[in-house]
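The lines below spell out each chain.
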Amino acid sequence: MEDIFISYARSTEAEADRVAAALRAAGYSVWRDEQLLAHNSYAEIIEERLRAARAVVVLWSADAVKSQWVRAEANVAREAGTLVQLRLGDVTPPLPFNEIHCAELKGWTGDIRAAAWKKIVASIDAVLGKAAAPAPAPVAEPRAAAPAQPLLAVLAFDNLSGDAEMTYFSDGISEEILHTVSRSKGLRVIGKASSFQFRGADKSVKRVVAELGASHMLDGSVRRAGNQLRISAQLVETATQLTLWSERFDRALSDIFALQDEIAAAIAAALDAHFTPAEAAPAIDPAAYDLFLQVRAIYGQDSTNADRSRCVHLLEQIVAIAPDFPLAWAQLALFHGLSLPKTSDEEGHALRPVALREAERALSLDAECGPAYTALALLKPAFSDYAEKLRLASRGYLLARNDASVAHLYAGPLMAVGRNREACRIFDDIVERDPSSPYSLSVRAFFYHAAGETERSLKMAHGIVAQFPASDYAKFMLDRLLRASTTDARLSVREVADTRARLDKRFAELHPVVDLVNVGRAAQLGEVDLAFERLFSAILEDRPIAYDASVHGRGFSRAFTSVGLFVQPFKHVRRDPRFAEVCVRLGLYDYWQQERCTPDCAAELAPFYDLMAECAKVEAVTKPAPQLAGNG
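First, a word on what this report is: a plain description of the structure on this page.

Definitions and cut-offs
Residues numbered from 1 in each chain as written. Predicted model: local features only at pLDDT ≥ 70, side-chain atom pairs only at ≥ 80, totals over all residues. Heavy atoms only, no water. Disulfide = S-S within 2.5 Å. Buried < 20%, exposed > 50% of the residue type's maximum accessible area, 1.4 Å probe, protein only. Pairing = 2+ DSSP bridges. Helix = DSSP H or I, 4+ residues; strand = E, 2+ residues; numbered from the N terminus. Contact = heavy atoms within 4.5 Å. Axes fitted to C-alpha atoms, helices over the stretch in contact; angles between N-to-C directions. Salt bridge = Lys/Arg side-chain N within 4 Å of Asp/Glu carboxyl O. Arc of directions from axis to C-beta. Parallel < 35°, antiparallel > 145°, perpendicular 65-115°, else oblique. Polar contact = N/O pair within 3.5 Å; in protein donor to acceptor, adjacent residues only side chain to side chain.

1. Section: the state of the cysteines
At step 1: Summed over the entire model, instances satisfying the criterion amount to 0 disulfides.
At step 2: Distance from the sulfur of Cys 615, which forms no disulfide, to the nearest cysteine sulfur (Cys 583) is 5.0 Å.
At step 3: In this structure Cys 615 comes out as buried when scored by relative accessible area, which is 0%.

Following this line, the structure appears as structure tokens:
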């Protein structure tokens with residue numbers, strides 16, 4: 001049974017998601033009512049899990065106070081001595097729970113370093129018997145509503161070096177300050193793609209508020225002469241346009257990481273946020289740091305394969321010069337993880353252990369280096385270790401949720417096990433922080449399409465192209481979603497024949513690899529038997545399975561190949577009961593059973609068959625195929 005049961009009102013589902021993810025990342029097993037299987041008796045299973053849990057975490061909100069379910073669950077936990085209470089807003093728990101200590105978690109964004117969260121973990125450990133339980137304390141009187149959590153926009157600092165080519169350096173300094181502030185202070189920070197669009201005359205407070213909704217704005221300038229720096233920075237409260245803090249720093253480039261922490265601590269003090277400054281990072285060789293900022297400047301979400309290769313080359317130089325630079329090791333591991341070939345593991349067998357050593361090196365230097373955990377998730381083989389991939393990706397996200405690449409790569413393994421709606425919520429959070437990133441907005445549209453919200457996703461994609469007409473990626477995604485949404489009825493006889501001919505050619509070109517994109521398209525054209533023939537030949541003959549196998553194509557990592565089973569074009573395959581055997585043989589059913597959850601597509605398939613029941617039948621008569629070496 002699970003360590004922890006979470007009780008909450010449906011209106012606070014997002015908060016419950018964050019609490020559950022943080023607890024799982026910390027190594028606890030967690031149960032929520034979303035894990036109920038379709039055929040389970042709701043009340044019976046809830047009571048069974050509730051009474052078996054070693055700790056019950058109750059999230060009190062205005063709706064939870066009114067909920068008879070939450071109050072009943074809290075009472076069972078109170079009587080059993082397993083109750084841990086969290087308050088999500090300015091609300092007092094009802095009698096008799098107001099006489100028991102209730103931790104404050106209002107405005108928590110998922111930062112596992114936050115002091116409030118650490119106190120909650122200590123309380124849970126106490127209930128679980130890992131430490132002496134603290135004495136119960138009466139709940140404090142309700143306080144006046146606290147102001148909304150600050151939302152900070154870090155603008156691109158101006159380059160005052162007299163050399164236009166040094167813009168990469170001033171942008172890099174700005175981005176590193178952004179990451180330092182968001183990582184160590186737990187503040188909500190707007191993403192780079194949105195805040196860095198404001199330059200020169202566009203840096204007006206009114207415009208930043210109108211387009212980003214920022215409550216505070218950090219701006220400044222960078223002047224570099226050799227290895228000497230002068231950085232000026234100022235923090236402005238946008239509502240009043242008052243300067244809360246300003247400072248000028250003259251430093252050697254070798255002191256830059258300590259300076260970033262110093263600036264971040266000053267910002268936190270100016271916001272009166274009461275966060276503890278992060279421990280200062282060790283000095284980094286100026287030459288290595290300069291190369292690192294070049295990597296930041298080159299690598300963007302719309303970067304090419306050549307760009308990524310150049311970044312790897314630069315990162316290898318960086319770690320040679322500065323072997324104690326954890327983020328450089330983590331980024332190198334991430335790039336290598338994303339470089340694993342989609343269609344063959346011959347190269348992957350050589351590259352994976354190299355990337356694994358790089359990620360482990362990063363964590364040996366900084367145990368809370370979020371991108372390193374994400375890299376470890378990427379390095380897991382396809383069709384295996386689903387729960388461990390999610391645990392690693394979740395931890396990376398919780399430690400570095402303002403890093404868009406890390407956030408994207410948390411949504412991937414969620415979708416790879418059919419948890420599409422949760423992946424959509426991750427992207428809602430991403431675009432809330434970075435609303436002017438056409439890449440993030442476009443990928444969000446893809447995830448909503450995969451979750452079955454076709455009309456909504458197409459509306460999103462059309463809107464993104466209209467808003468960002470220069471974005472090639474937005475146009476690519478719109479075209480892809482339009483093609484994926486095309487029904488057989490809209491195709492002429494000639495178009496169907498042409499498409500089938502292209503599929504036959506593509507299957508032949510990729511042999512022995514089976515591409516899930518082509519399998520789904522074949523079923524969409526009515527060739528369902530052909531689709532399953534290709535799938536089972538790959539599974540039973542130990543041949544590689546890929547998703548979007550174009551050599552130069554974008555898409556998910558090799559580790560998350562199974563996302564292709566849960567996109568909309570694959571629905572014609574899913575609607576056939578033979579899909580259950582695919583899920584069993586690829587280990588997905590084992591994951592769903594282990595985690596006591598049901599994939600989102602089970603509801604979509606209910607009119608056709610009961611997916612979980614069909615999987616159980618298949619498992620009863622056949623054992624999953626051995627680990628697919630060609631897919632690992």
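2. Topic: the sheet that holds strand β2 (residues 30–31)
At step 1: If you trace the 5 strands from one edge of the open sheet to the other, you get β2-β1-β3-β4-β5, paired in parallel fashion. The open sheet has two edge strands with one neighbour each: β2 and β5 (102–104).
At step 2: Its contacts with the sheet place helix α1 (residues 13–25) against β1 (4–7), β2, β3 (55–60) and β4 (83–87), and it is angled at close to 170 degrees to β1.

3. With respect to unusual backbone geometry
At step 1: In this structure, the amide linkage connecting Leu 95 to the following residue, Pro 96, adopts the cis form with an omega of 0 degrees.
At step 2: Its location among the elements puts Pro 96 in the loop between β4 and β5.
At step 3: With a phi close to 55 degrees, Phe 383 is a non-glycine residue in the positive phi region.
At step 4: For Phe 383, the location among the structural elements is in the loop between α14 (370–378) and α15 (386–399).
At step 5: Under the relative-accessibility criterion, Phe 383 is labelled buried at 6%.
At step 6: You will see that Asp 385, though not glycine, has its phi angle at about 50 degrees, which is positive.

4. Topic: the pattern of salt bridges
At step 1: What the rule picks out here adds up to 27 salt bridges.
At step 2: Where Lys 192 meets Glu 175, a salt bridge forms, and the shortest distance between an N and an O atom there is 3.1 Å. Here the residue Lys 192 occupies a position in helix α7 (residues 192–195), and Glu 175 occupies one in helix α6 (residues 167–185), the gap between them amounting to 17 residues.
At step 3: With a closest N to O distance of 3.3 Å, Arg 421 and Asp 600 form a salt bridge. Of this pair, Arg 421 sits in helix α17 (residues 420–433) while Asp 600 sits in the loop between α26 (588–595) and α27 (601–605); the two residues are 179 residues apart in sequence, bridging distant segments of the chain.

5. Quick look at helix α8 (residues 205–212)
At step 1: For α8, the complete set of buried residues consists of Val 205, Val 208 and Leu 212. Buried residues of α8, seen end-on, are gathered within an arc of 70 degrees and therefore sit on one face of the element. Away from the buried face of α8 by more than 90 degrees, exposed residues Lys 206 and Ala 210 are located.
At step 2: Packing partners of the buried residues in α8 comprise β6 (151–154), α7, β9 (216–225) and β10 (228–237).

6. Notes on the packing of helix α18 (residues 438–450) against helix α20 (residues 472–485)
At step 1: α20 packs onto α18 with a crossing angle of 10 degrees between their chain directions and a minimal axis gap of 9 Å. On the basis of their axis angle, the class for α18 and α20 is roughly parallel. Contacts from Tyr 439, Ser 442, Val 443, Ala 445, Phe 446 and His 449 in α18 reach Tyr 473, Ala 474, Met 477, Leu 481, Ala 484 and Ser 485 in α20.

7. Examining the pairing of β4
At step 1: For β4, the tally of buried residues reaches 5 of 5 residues, placing the bulk of the element in the interior.
At step 2: The alternating pattern of β4 places Leu 83, Gln 85 and Arg 87 on one face and Val 84 and Leu 86 on the opposite face, and all of these are buried.
At step 3: Here 5 bridges tie β3 to β4, and the two strands are oriented parallel to one another. Within β4, the position partnered with Trp 60 by the bridge is Arg 87.
At step 4: Here 3 bridges tie β4 to β5, and the two strands are oriented parallel to one another. Looking across to β5, one finds that Arg 87 is bridged to Glu 104.

8. Considering helix α22 (residues 516–524)
At step 1: Counted residue by residue, α22 has 8 buried out of 9 residues, so it is predominantly covered.
At step 2: Turning to α22, its buried residues are Leu 516, Asn 518, Val 519, Gly 520, Arg 521, Ala 522, Ala 523 and Gln 524.
At step 3: Two to three positions downstream of the cap, the backbone nitrogen of Val 517 sits 3.1 Å from a side-chain oxygen, assigning the N-cap of α22 to Asp 515.
At step 4: Gly 526 lies just past α22 and shows a positive phi near 100 degrees.

9. Points about the environment of Ser 384
At step 1: When you line up the elements, Ser 384 lands in the loop between α14 and α15.
At step 2: Classification of Ser 384 by relative accessible area gives buried; the value is 11%.

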